[in-house]
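Chain by chain, the residues run as shown.
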Amino acid sequence: MKNIGFTTSIPVEVIFAAGHRPVDLNNVFITNDNPGKLIEVAENAGFPRNTCAWIKGIYSAVVDTGEIDELIGVVEGDCSNAKALVEVLELKGIRCFQYSYPNSRSYDQLKKEIDRLCSHFAVSYDECLRVKKELDKIRLRLSYLDELTWKYNKAHGFENHIWQVSSSDFNGDYVTFGRQLEEEISSIEKREPKTESKRIGYIGVPPINGEIYEFIESLDARVVYNEVQRQFTMADSVDIEDIVEEYRRFTYPYNIRCRLEDIIDQVKKRKIDGIIHYTQAFCFRGIEDIIIRNELDVPVLTLEGDKPGNIDQRTKLRIEAFIDMLDE
């Protein structure tokens, strides 16, 4: 069994079908005991200081730990720096495979990419479909945990975030992941419903500062929607037996219009009072904030994060003022 790292969510069914262990390198970076040190390692290796912290963290998660046997770099549909990252890692002797989500969302083009991935790992499409059926059972339960957040008001926003974001690789072992998820659900179901008066939606890339959820809850508010994290669960695709269509419905790699359809629908469905749009420093996705503000009918607070750690006092004041404003 090899550890197959990747830079953003990919058709993970292929990796499991091949008998390998998928590893979302974003999660390895941010859960490291000292993620700031990983950024320093990358900068000492020559990465510019004005490069996204996630790219630097992923680099160090690969070269510093020495536990990744191969990297899948998503060079289209995610970070604009991913291709350069792949080239640097190849220079370091890391075996890399470049994968793309076509901008057009063309079924045929996406199928070619998934077929290439299957061929690379010597697995058949049918083998991947069998894995999808097992993963979809867990994805249905993740959808239920999501309902425990926004419909039944029992789960915390951070719990919603961490379980959904972890479904990008199922922590490398979907059997264990599924069992632990059931234990978590059983515990959450026993709680009394939460009573926060403000319902917040979180959109954009997962935060580099997880403390944001706890701070929001200290202000009589709660995050009841995590946009990209929910997309990682493939919650909208468990009703289809087609991996290509599954990853066509996955909104994150495609244009902002595609994402907005899902966001607008979920804002209405979950009765969200306000949106926090998180952008990562030096990321092209920050420009999309112009469109988001123009299209959404609820108040939007845009936050920019840079390095891991506690959220700063200025950001706390902005969040507090935003939530207070929702009363007006």
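Refer to the structure printed above.
Residues numbered from 1 in each chain as written. Predicted model: local features only at pLDDT ≥ 70, side-chain atom pairs only at ≥ 80, totals over all residues. Heavy atoms only, no water.

Undergrad: Can you help me understand the overall build of the chain in this one?
TA: Scanning the chain for helices and strands turns up 15 helices and eight strands. Radius of gyration (C-alpha) of the chain: 19 Å, near the 20 Å computed for a compact globule of 328 residues. Projected onto its principal axes, the C-alpha coordinates of the chain cover approximately 55 × 45 × 35 Å. Counting only residues that meet the buried cut, the chain has 56% of its 328 residues in that class. Of the contacts formed within the chain by residues at least 6 apart in sequence, a portion of 73% connects residues at least 24 apart. As displayed, the chain has an accessible area near 14,400 Å², and 46% of this comes from carbon and sulfur atoms. Across the chain, the 42 positively charged side chains and the 57 negatively charged ones have centroids separated by 1 Å. (Helix = DSSP H or I, 4+ residues; strand = E, 2+ residues; numbered from the N terminus. Rg over C-alpha atoms; globule rule 2.2 N^0.38 Å. Buried < 20%, exposed > 50% of the residue type's maximum accessible area, 1.4 Å probe, protein only. Contact = heavy atoms within 4.5 Å. Areas by Shrake-Rupley, 256 points an atom, 1.4 Å probe, with all protein chains shown as cover. Lys, Arg positive; Asp, Glu negative; His and termini not counted. Charge placed at Lys NZ, Arg CZ, Asp CG, Glu CD.)

Undergrad: I'm lost on the pairing of strand E3 (residues 70–76) in this one. Help?
TA: A large share of E3 lies buried, amounting to five of its seven residues. As defined by bridge partners, strand E1 (residues 3–6) adjoins E3 across three bridges and the pair is classed as parallel. Among the inter-strand pairings, isoleucine 4 is bridged to a residue of E3, identified as glutamate 70. The pairing of E3 with strand E4 (residues 96–100) spans five bridges and is classified as parallel. Within E4, the residue paired with glycine 73 across the bridge is glutamine 98. Taking the sense of rotation as the criterion, the β-α-β connection linking E3, helix H5 (residues 82–91) and E4 turns out right-handed. (Pairing = 2+ DSSP bridges. Right-handed = clockwise from strand over helix to strand, strands pointing away.)

Undergrad: Can you help me understand the sheet that holds strand E7 (residues 274–280) in this one?
TA: Pairing between the strands of a sheet is mediated by backbone hydrogen bonds and can be parallel or antiparallel. Across the sheet, which stays open at both edges, the four strands sit in the order E6-E5-E7-E8 with parallel pairing between neighbours. Since the sheet does not close on itself, it has two edges, and those belong to strand E6 (221–226) and strand E8 (300–305), each with one partner. Neighbour-to-neighbour, the strand axes of this sheet turn through a mean angle of 30°, independent of strand direction. (Axes fitted to C-alpha atoms, helices over the stretch in contact; angles between N-to-C directions.)

Undergrad: Help me understand the environment of isoleucine 200 in this model?
TA: Mapped onto the elements of the fold, isoleucine 200 is located in strand E5 (residues 198–204). In this structure the C-alpha to C-alpha distance between isoleucine 200 and glycine 19, which are 181 residues apart in sequence, comes to 40 Å. Residues contacting isoleucine 200, with those up to four places away along its chain left out, are Ile216, Ala221, Arg222, Val223, Val224, Tyr225, Ile272, Gly274, Ile276 and Leu326.

Undergrad: How do you make sense of the state of the cysteines when you look at a structure like this?
TA: Note on terminology: a disulfide is the covalent bond linking the sulfur atoms of two cysteines. Counted according to the given criterion, the structure contains zero disulfides. Counting only cysteine sulfurs, cysteine 128 is the nearest neighbor of cysteine 118, a cysteine outside any disulfide, at a range of 3.8 Å. Cysteine 118 gets classed as buried once you look at its relative accessible area, which sits at 5%. On the basis of relative accessible area, cysteine 128 is assigned to the buried category, the value being 0%. (Disulfide = S-S within 2.5 Å.)

Undergrad: Help me out: how do you make sense of the packing of aromatic side chains in this one?
TA: Aromatic rings in a pair are described by how distant their centres are and how their planes are angled relative to each other. Inspection of every chain in the model, using the stated rule, returns 16 aromatic pairs. Geometrically, the ring pair formed by tyrosine 202 and tyrosine 213 is tilted, given 6.0 Å between the ring centres and 35° between the ring planes. With tyrosine 202 in strand E5 and tyrosine 213 in helix H10 (residues 211–217), this pair connects stretches of sequence that are 11 residues apart. Assigned by exposure class, tyrosine 202 and tyrosine 213 land together as buried. With a centroid separation of 6.2 Å and 75° between ring planes, the pair formed by phenylalanine 232 and tyrosine 252 is classed as edge-to-face. One end of the pair, phenylalanine 232, is in helix H11 (residues 227–232); the other, tyrosine 252, is in the loop between helix H12 (243–249) and helix H13 (256–269), and 20 residues separate them in sequence. Both residues of the pair, phenylalanine 232 and tyrosine 252, count as buried. In this structure an aromatic cluster arises from ring pairing among Tyr99, Tyr101, Phe232, Tyr247, Phe250, Tyr252 and Tyr254. Positioned above the aromatic ring of tyrosine 254, the side-chain terminus of arginine 105 is 5.1 Å from the ring centre. (Phe/Tyr/Trp six-rings, centres within 6.5 Å; stacked < 30°, edge-to-face > 60°. Lys NZ or Arg CZ within 6 Å of the ring centre and 35° of its normal.)

Undergrad: Looking at this model, I keep getting lost on the nonpolar core. Mind explaining?
TA: Most often, soluble globular proteins keep nonpolar side chains buried together rather than apart. Membership of the largest hydrophobic core comes to 87 residues, with the highest contact counts inside it found for Ile72, Tyr99, Ile216 and Ile319. Per element, the largest residue contribution to this core is eight residues, and it comes from helix H7 (residues 125–150). Discounting residues that sit within four places of it in the chain, isoleucine 72 has contacts with Ile4, Gly5, Phe6, Thr7, Ile10, Ile15, Phe97, Tyr99, Leu117 and Phe121. One finds Ile256, Val267, Ile292 and Val298 within the second-largest nonpolar core, a separate group that totals 14 residues. (Core = buried A, V, L, I, M, F, W, Y, C linked by side-chain atoms within 4.5 Å.)

Undergrad: What should I look at first to understand helix H9 (residues 174–189) in this one?
TA: Because the α-helix completes a turn every 3.6 residues, residues three or four places apart line up on one side. Its 16 residues place the ends of H9 22 Å apart at the C-alpha level, agreeing with the 22 Å of an ideal helix rising 1.5 Å per residue. Buried-residue contacts for H9 involve H7 and helix H8 (157–166). Two or three places before valine 175, at the opening of H9, aspartate 173 has a side-chain oxygen 3.2 Å from that residue's backbone nitrogen. (Expected span 1.5 Å × (residues − 1). Polar contact = N/O pair within 3.5 Å; in protein donor to acceptor, adjacent residues only side chain to side chain.)

Undergrad: Got a minute to help me understand the pattern of salt bridges in this structure?
TA: Here the structure, examined in full by the defined rule, presents 27 salt bridges. Its salt-bridge partner being arginine 116, residue glutamate 113 comes within 2.9 Å of it at the nearest N-O pair. Here the residue glutamate 113 and the residue arginine 116 both occupy positions in helix H6 (residues 107–120), the gap between them amounting to three residues, near one helical turn. What makes glutamate 113 buried here is its relative accessible area of 15%. (Salt bridge = Lys/Arg side-chain N within 4 Å of Asp/Glu carboxyl O.)

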